[in-house]
Amino acid sequence: MPELPEVETIVRGLAKRVTGDVIETVWLGQKKEPLKSSAVEIAEALEQSRIVSVHRMGKHIVFDLDRAGRASEVRANKKSSKTRLSSNSRKASPSGQEVNARAQWIVHLGMTGRLQVCEAQEEAAKHTHAILKLASGRELRFVDPRRFGRLSVATAGFDAAGIEPLEIDRDRFTALFRGRKTPIKSALLNQKLLRGVGNIYADESLFRAGVRPRRRASTITYAELEKLHVALKEILKEAIALGGSSVSDYVNADGEAGFFQLQHRVYGREGEPCLVCKTPIKRVVIAGRSSHFCPKCQK
DNA sequence: ATACCGACCTGTCAGC
DNA sequence: TGCTGACAGGTCGGTA
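Bear in mind the structure is a predicted one, so any value in this text is a computation, not a measurement.

A.B. asks: Before we go on, may I ask you to explain the protein's contact with DNA strand B in this structure?
C.D. replies: The local shell around DNA strand B consists of Glu33, Lys126, His127, Pro145, Arg146, Arg147, Phe148, Lys181, Thr182 and Pro183. Counting only the atoms of DNA strand B within 4 Å of the protein, the fraction contributed by sugar and phosphate is 59%. Separating a phosphate oxygen of DNA strand B from a side-chain N or O atom of histidine 127 is a distance of 2.6 Å. Between DNA strand B and lysine 181, the relevant distance is 3.5 Å, taken from a phosphate oxygen to a main-chain nitrogen or oxygen of the residue.

Spelled out as structure tokens, the structure:
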């Protein structure tokens, strides 16, 4: 479901609502697919931790956690905890294992994942795989019908592969595609090159740049890559400004739909006239993904 | 090393 | 009404 603009929108909503809150307890469902780390590891890292910040890396949602505020620790020795943490970031957990004082909860939403902030009495949606009880009395729930989403924990050094498309400069962008025989569409979707671009925004940026999705990356001219670099950034920023694209069921952290789907020029418009030249939009399959383009506007 | 392709899941919708 | 097949915002591992 979500690509960079949708994840960014969700993260902004979550940051507003849960930053500073403390995770009291964690419930995890029985299905194993959504868990990349073990249930014990996740519960251990999250319970009694404070959510310091929420941010995005590519399509990953990263919750920065601070375990220093754990109730038992505070009770044990309020004064010395600060000193101890600054001189040594590692400390013993209640189970006796060494764990990092700072940890991260990493959420990837896959195709259909959602994170909801709910009142505790609200009935859990079908396909709820995780429930975090917060000190504020609310709950943070992970819901994912297709179970392509993934939950994991990391020590505070999580770094997704690839470069942020909104931060990459022109030279590094053009260098990404040099010598690659793969179709430009596949290269845009490759998260090890750029992180966060998915099917919609790959198609839309290729349309704006006037480049056909099947072109081999290595055959794209420098001028075309410059256009693509600008087009991709523009489109991602415009989509974020409109709260992302709601194609079927995407909603942000507040349960609201985005509006960028109204700006789509090619995605989901097979057979409809190009908004520039009226030529019917074509759909082909590249690397197993639907790919939409205007045969006249895109070379 | 690189690049396709199916697999992983459930839900929805079009067509018969 | 109900069945079947195609398709869906993503990523992985196996194979060629």
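That was the structure; now back to the text.
A.B. asks: Would you explain the sheet that holds strand 10 (residues 150–155) in this entry?
C.D. replies: The strands that make up a sheet are held in pairs by hydrogen bonds between backbone atoms, and each pair lies either parallel or antiparallel. The antiparallel open sheet is built from eight strands, whose spatial order is 7-9-8-1-2-3-6-10. At either margin of the open sheet sits one strand with a lone partner, and together these are strand 7 (114–119) and strand 10. Going across the sheet, the axis of each strand differs from the next one's by a mean of 30 degrees, ignoring polarity. Against the sheet, helix 1 (residues 4–18) touches strand 2 (49–57), strand 3 (60–66), strand 7, strand 8 (128–134) and strand 9 (138–143), its axis set at about 160 degrees to strand 2.

A.B. asks: Sorry if this is basic, but what is going on with the packing of helix 1 against helix 8 (residues 222–241) here?
C.D. replies: A pair of packed helices is captured by two measures, namely the crossing angle of their axes and the spacing between those axes. Contact pair helix 1 / helix 8: the axes reach a minimum separation of 9 Å and the direction vectors enclose 40 degrees. Considering their axes alone, helix 1 and helix 8 lie oblique with respect to each other. Between helix 1 and helix 8 lies a crossing of right-handed hand. Here helix 1 contributes Leu4, Pro5, Glu8, Thr9 and Arg12 to the contact with helix 8, which in turn contributes Leu236, Ala239 and Ile240. Within the contact of helix 1 with helix 8, the residues separate by chemical class into five nonpolar, one polar and two charged.

Definitions and cut-offs
- Residues numbered from 1 in each chain as written.
- Chains lettered and ligands numbered in written order.
- Predicted model: local features only at pLDDT ≥ 70, side-chain atom pairs only at ≥ 80, totals over all residues.
- Heavy atoms only, no water.
- Near = heavy atom within 4 Å.
- Polar contact = N/O pair within 3.5 Å; in protein donor to acceptor, adjacent residues only side chain to side chain.
- Pairing = 2+ DSSP bridges.
- Helix = DSSP H or I, 4+ residues; strand = E, 2+ residues; numbered from the N terminus.
- Axes fitted to C-alpha atoms, helices over the stretch in contact; angles between N-to-C directions.
- Contact = heavy atoms within 4.5 Å.
- Parallel < 35°, antiparallel > 145°, perpendicular 65-115°, else oblique.
- Left-handed = near helix turned anticlockwise from the far one by under 90°.
- Nonpolar A, V, L, I, M, F, W, Y, C, P; charged D, E, K, R; others polar.

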